[in-house]
Amino acid sequence: MIINSLCELHRNLSLEVKKGGAEKSKPPPRPKNAQAQQEKPDPIHLQSRFAAAPKKTAIYLELAARFVTNVWHYQKEGKERILSAAREEKRRLVKYSYSLIASSTAPELVRQAFCSAGLSSAAGYPDECESEMFITGTRLAITKAHPVVIMRSMTAYLGLQVFDQVESWLLEHFGEQGEEDEELIIPGDLSEILSDKRISPGQINLAIHMAGNQLVAASLAGCPRHTVDLVKSLAYSRLGGALLDWNIREARSRLSSDELSDAQSAFMELLGSLDEPNPAELRQEDWSSGVDESLVADISDLILELDERVLKSVVAGLEPALLASLIQAMEPIAHDRLFSCAPSSRSKKILNALEAATPLSLNELTRRAQIFAQKVLSELAPKTRHGAARSLQLSASLRQHLTSILSRE
Amino acid sequence: MIMWNAELTKRLSCTEKEKAALPTLVTGLLDLADRLRAGGIKSLIGAESGKDQDILAYGLRMISEGLSLETLEEVLAIYLATSTLSGYEFLVQCIYVEALLSIAAGDSRDLLLRKLAPYCGAEKAFALLKAQEPDLPAELS
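Not measured: the values here are computed from a predicted model.

### Quick word on the overall build of chain A
Next up, step 1: The secondary structure content of chain A amounts to 23 helices and zero strands.
Next up, step 2: Out of the 409 residues belonging to chain A, those deemed buried represent 46%.
Next up, step 3: In chain A, the proportion of contacts linking residues at least 24 apart, taken out of those at least 6 apart, comes to 76%.
Next up, step 4: Total accessible area computed for chain A in this model is approximately 20800 Å², and 51% of it derives from carbon and sulfur atoms.

See the structure below:
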């Protein structure tokens, strides 16, 4: 709940008096890019009280970027890197941050440590924005957070005005990995399920949000590259994709094959649970169970057994609304066949009609099925006067389905 | 447990007249979450362009960056706490953020409604719940 986080921040920030380099009256910083300056984007409604003049903002951003880069090197190469950065650093606040990271201070004690060293606004440090940025950054660095997370958190104090600028910097530094990871394939159905067009992007997104980063990364760690790319294209920005790759790499190095396989199963179960019908769908199912099953079987079999050319002509010659109402009385496999015989524009019309359709009574459905059957017969009938004299050449089963539908009352 | 802070309470306070607009705002956010459930996060990015909806637009982008729920909450809380807004405008931004967090957690429509409705105040919250869920027992009022 956001209120709790806000309470904590309100306790830590001295909100009455503006300190640091920020001045409310000064204009928000603009991107350096000249073209972006000319475009003059709409002013941000949610202004930060720390929003500063461009020069000051640039200094904050440069400090954060330098800090995050050094933390990244430390995470990859070890403690010596952060100690070396601390030795070279001239700014007291930043130097102190590095020393806390190197000594692995407990994250919950970071604020207190800054306060004891006189480096927080509560202890009289003059630049509250800078101090808060580094308290946040140091705490996250100690918890081994990814640099993207650290940079986003630190620069949040500067407001949304720098969001795009920060994104560009992050993409430049963390958007691409050097070389592509080798695939690790754990046998399972997840890859196939995710590629199944019947699962909507919304369902995949929802499952990702419900599962959380750790489970998503562990599930995808054993999937082929194309599956990971598919998920990225559906639910992640470019930067998010890079972060996902990083999490997958972490999962591969941390977890055994069995654990990755378990993660896949858990994610599949989650996806499957989203398929469970909602109450409205259940009501629809109740209605469906009242449909004459033999009528459903006859219509479905007729569609499945018809010659493709004939079915295409029938579909082209009937109203989308009639086809949509018939869909309510056929098996899913017949839906697929019917749609595969309709051009995409017509499929769209049928789907629109289906959305607007209301459940029909058995009599109304039977009537529509009979119109469909008559249309099939007219398509099958010889078109020449010569041929009209001959009897229809129909397979026994087709004849049986047509008779069964047309003889209903 | 819900924490309490006098300064924050003061900052969030606004008139009953102003609060009258909140149920409509919440309904709009429920619709937004419905659209996300149907088309995924990418279908919404760039769609929210209202004058006061920066946090919503940027928040959706942060969700697509794959930030964890904890990080998202921390970052969004910083944006809110350090903002220059107060009163009704601030309350609206808090509701947007609460909705973003609920979306990022994959909450159901019902849960989202129950997280947002309390921001409208007790009476309006019940009226909102009742409007969204007509089957709600009357004795809850």
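### Focus on helix 9 (residues 163–174) of chain A
Next up, step 1: For helix 9 of chain A, built from 12 residues, the straight-helix expectation of 16 Å at 1.5 Å per residue is met to within 8% by its first-to-last C-alpha distance of 16 Å.
Next up, step 2: Inspection of helix 9 of chain A places F163, V166, E167, W169, L170, L171 and F174 of chain A among the buried residues, and these make up the whole buried set.

### Examining the nonpolar core
Next up, step 1: One finds F67, M133, F134 and I150 of chain A together with L76, Y79 and I95 of chain B to be the most contacted residues of the largest nonpolar core, which totals 112 residues.
Next up, step 2: Sort the elements by how many residues they give to this core and helix 6 (residues 87–104) of chain B lands first, with 12 residues.
Next up, step 3: Both domain 1 (55–175) and domain 2 (189–274) of chain A contribute no fewer than three residues apiece to this core.
Next up, step 4: Not counting chain neighbours up to four residues away, the residues in contact with M133 of chain A comprise Y60, A64, M154, Y157 and L158 of chain A.

### Some thoughts on the confidence of the model for chain B
Next up, step 1: On average, residues of chain B score 87 in pLDDT, and 91% of them reach the 70 mark or higher.
Next up, step 2: With a pTM of 0.70, the predicted complex shows an ipTM of 0.91.

### Notes on the pattern of salt bridges
Residue and element names in this part refer to chain A.
Next up, step 1: Scanning all chains against the criterion turns up 25 salt bridges over all chains.
Next up, step 2: R66 is the partner of E89 in a salt bridge, and the nearest nitrogen-oxygen pair spans 2.8 Å. Note that E89 is positioned in the loop between helix 4 (79–88) and helix 5 (92–102) and R66 in helix 3 (residues 54–77), a separation of 23 residues in sequence.
Next up, step 3: We classify R66 as partly exposed; its relative accessible area is 29%.

### Here we look at the packing of aromatic side chains
Each pair of aromatic rings is reported with the distance of its centres and the angle of its planes.
Residue and element names in this part refer to chain A.
Next up, step 1: Within the structure shown, the criterion is met by seven aromatic pairs over all chains.
Next up, step 2: Centre to centre, the rings of F67 and F134 are 5.2 Å apart; their planes meet at 75 degrees, and the pair counts as edge-to-face. Placement of the pair is F67 in helix 3 and F134 in helix 7 (residues 128–142), with a sequence separation of 67 residues. A single burial state applies to F67 and to F134, both of which are buried.
Next up, step 3: Among the aromatic residues, those joined into a ring-pair cluster are F67, Y98 and F134.
Next up, step 4: The ring of F163 is capped by R152, whose NZ or CZ atom sits 3.7 Å from the centre of that ring.

### A look at empty space enclosed by the protein
Next up, step 1: With the rule as written, the count across this model stands at three cavities of 30 Å³ or more.
Next up, step 2: Empty space within the largest cavity amounts to approximately 60 Å³.
Next up, step 3: Lining the largest cavity are L206 of chain A together with A33, L36, R37, S102, I103, D107 and L112 of chain B.
Next up, step 4: Breaking the lining of the largest cavity down by element, the ones donating at least two residues are helix 3 (22–39) and helix 6 of chain B.
Next up, step 5: In terms of residues, the lining of the largest cavity owes the most to one element, helix 3 of chain B, which gives three residues.
Next up, step 6: By residue class, the composition of the lining of the largest cavity is five nonpolar, one polar and two charged.

Calculation notes
Counting of residues starts from 1 at the beginning of each chain's written sequence and follows it residue by residue. All chains are assigned letters beginning with A, and all ligands numbers beginning with 1, in the order in which they are written. With pLDDT at 70 or above as the cut-off, local features in this predicted model cover only qualifying residues; side-chain atom pairs require 80 or more to be listed or tallied, and sums for whole chains, interfaces and linings still use all residues. The basis for every side-chain value is the complete set of non-hydrogen atoms in the structure, without hydrogens or water. Put simply, DSSP marks the helices as runs of H or I at least four residues long and the strands as runs of E at least two long, and each gets a number from the N terminus on. To sort residues, take the accessible area from a 1.4 Å probe on protein chains only and compare it with the maximum for the residue type: under 20% means buried, over 50% means exposed, and anything in between is partly exposed. The criterion used for residue contact is that any of the two residues' heavy atoms lie within 4.5 Å. Where accessible areas are quoted, they stem from the Shrake-Rupley method and a 1.4 Å probe; at the residue level, only the protein chains shown are allowed to cover. A helix is expected to span 1.5 Å multiplied by its residue count minus one. Throughout, nonpolar core names a set of buried Ala, Val, Leu, Ile, Met, Phe, Trp, Tyr and Cys residues whose side chains join them through atoms within 4.5 Å. Domain start and stop points were drawn from an automatic or database domain assignment. Every residue carries a pLDDT, the predictor's confidence in it, which falls somewhere between 0 and 100. Only one rule defines a salt bridge in this text: a Lys or Arg side-chain nitrogen within 4 Å of an Asp or Glu carboxyl oxygen. Between the rings of Phe, Tyr and Trp (Trp by its six-membered ring), a pair exists once the centres lie within 6.5 Å; its type follows the angle of the planes, with under 30 degrees stacked, over 60 edge-to-face, and the other angles tilted. Any Lys NZ or Arg CZ found within 6 Å of a ring centre and within 35 degrees of that ring's normal is scored as a charge over the ring. Grid points spaced at 1 Å and placed over the protein atoms alone form the basis of the search, with a cavity being a set where a 1.4 Å probe fits but cannot get out and a pocket an open set showing protein on both sides within 12 Å along at least five of seven lines. Lining residues have an atom within 4 Å of a point. Grid points are joined across faces, edges and corners, and a volume is the space filled by probe spheres set on the points. Any residue outside Ala, Val, Leu, Ile, Met, Phe, Trp, Tyr, Cys, Pro, Asp, Glu, Lys and Arg is labelled polar, Gly included; the first ten of those are nonpolar and the last four are charged.

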